[in-house]
Amino acid sequence: TVKMIIDTDPGIDDAMAIFYAAAAPEVELLGLTTVFGNVSTPTATRNALRLLEATGLDLPVAHGAETPLALPPFTPSAHVHGDEGFGDIPAATPKHQQIDEDATEFLCRMAREHKGELVVCPIGPLTNIAHAIQRDPEFAKNVARIVIMGGSLHEGGNITPHAEANIYHDPHAADVVFSSGANVVMVGLDVTHRILCTKSDFSAIAAQSPELGGMLQQMSVFYLKFYESVDKLDGCSLHDPAAVIACTHPQLFTTLSTPLRVSCEGETSGATLAAPDNKRPPVDVCIDVQSSEVKSLFLKRLALLP
Ligand code: BDR
Ligand code: CA
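Residues numbered from 1 in each chain as written. Chains lettered and ligands numbered in written order. Predicted model: local features only at pLDDT ≥ 70, side-chain atom pairs only at ≥ 80, totals over all residues.

**Some details on the overall build of the protein chain**
Piece 1. Along the protein chain, the regular secondary structure elements total 12 helices and 12 strands.
Piece 2. Over its C-alpha trace the protein chain gives a radius of gyration of 17 Å, about what one expects of a compact globule, namely 19 Å for 306 residues.
Piece 3. Dimensions of the protein chain along its principal axes, counting C-alpha atoms only, are 50 × 40 × 40 Å.
Piece 4. Within the span of the protein chain, comprising 306 residues, buried residues form 55% of the whole.
Piece 5. Counted over contacts in the protein chain with a minimum sequence separation of 6, partners at least 24 positions apart contribute 81%. (Helix = DSSP H or I, 4+ residues; strand = E, 2+ residues; numbered from the N terminus. Rg over C-alpha atoms; globule rule 2.2 N^0.38 Å. Buried ≥ 20, exposed ≤ 12 C-beta atoms within 10 Å, placed from the backbone. Contact = placed C-beta atoms within 7 Å.)

Listed below in structure tokens is the structure:
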């Protein structure tokens, strides 16, 4: 099994990724850390607690960074994930609370305690990961892998023509991670745009898993509407679940090893660029995926949930 911490801004596809991780026998989830992105960090923490409570897992949630490393704070746009992050599902107060440690402390400690084994799977902006790298010089070496949902090599952006949303919201943090020397895998739009889930897929999920799958189906209504109106697509990308699946089933992805840098200004801000001449260490960028296998794994594992 893969010992995993998911760093998240829940978010509809974040909820899908977390439920997937909870269901997958290959994952030993150690906790969640939260970050701004789809929602503000306080909302992300509340949502993360709520998702874990729904799965019945009693795991630590550590509250993370509330602002980007260098960019000014921003107000999340609610048009993709809804005001509270879960589409039209109303906000609810979780029963549990976050732990006292913040996300950075928690990440650094877990990387030390599970040296060489911990896989960190960030599915939001990379601010917490950059803080951990900056705080503990051993962090990048202690983690087995950092498997990121974010970026795009050839696919263009989704929030601007050049940038993918998670990288765009904190490009400086992404650049810290890509230059850290950690074992980094980038699961970006080049692959996630090829893994689509339709309305009927969500109905099938809800039929097999009425409680949690039903919750995902309810959330997906809002998300699918966004994809239909903006991209004219009958289906939504499984962005965040793809990163979790890349942690457990790397053989389903084809990677290209290249140094990466992140544009931090101007119109291309947030673009992830191959920088072959750069002296920084290479990153494994996913450039192809066995999409039908990834999708059937997603459907199969979610069916295990109540
Ligand atoms: C990423 O941005 C967020 O909207 C999603 O949750 C995902 O992590 C996709 O670009
Ligand atoms: Ca996300």
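And the narrative resumes.
**Description of the site of ligand 1**
Piece 1. Close to ligand 1 lie 14 residues, the nearest being Gly11, Asp13, Ile123, Ala165 and His239.
Piece 2. When residues of the shell around ligand 1 are traced back to their parent elements, those giving at least two are helix H1 (12-23), helix H6 (165-169) and helix H11 (239-248).
Piece 3. Classifying every residue of the shell around ligand 1 by side-chain character gives four nonpolar, six polar and four charged. (Near = placed C-beta within 6 Å. Nonpolar A, V, L, I, M, F, W, Y, C, P; charged D, E, K, R; others polar.)

**A word on the packing of helix H3 (residues 103-113) against helix H4 (residues 127-135)**
Piece 1. Where H3 contacts H4, the axes come no closer than 9 Å and their chain directions differ by 60°. Taken as axis vectors, H3 and H4 run oblique relative to one another. Here H3 and H4 pass one another in a crossing that is right-handed. Here Ala103, Thr104, Leu107 and Cys108 of H3 come into contact with H4, specifically with Asn128, His131, Ala132 and Arg135.
Piece 2. Tallied by class, residues from the contact of H3 with H4 come to four nonpolar, three polar and one charged. (Axes fitted to C-alpha atoms, helices over the stretch in contact; angles between N-to-C directions. Parallel < 35°, antiparallel > 145°, perpendicular 65-115°, else oblique. Left-handed = near helix turned anticlockwise from the far one by under 90°.)

**A look at unusual backbone geometry**
Piece 1. For the bond running from Pro10 to Gly11, omega is -10°, close enough to zero to count as cis.
Piece 2. Relative to the elements of secondary structure, Gly11 occurs in the loop between strand S1 (2-8) and H1.

**Quick notes on the packing of H1 against helix H12 (residues 291-302)**
Piece 1. Remark: H1 packs on H12, axes separated minimally by 9 Å, with the N-to-C direction vectors making an angle of 65°. Taken together, H1 and H12 sit at an angle that is classed as roughly perpendicular. Taken as a pair, H1 and H12 cross one another with a handedness that is left-handed. Contacts between H1 and H12 involve Phe19, Tyr20 and Ala23 from the first element and Phe298, Arg301 and Leu302 from the second.
Piece 2. When grouped by side-chain class, the residues that make up the contact of H1 with H12 number five nonpolar, no polar and one charged.

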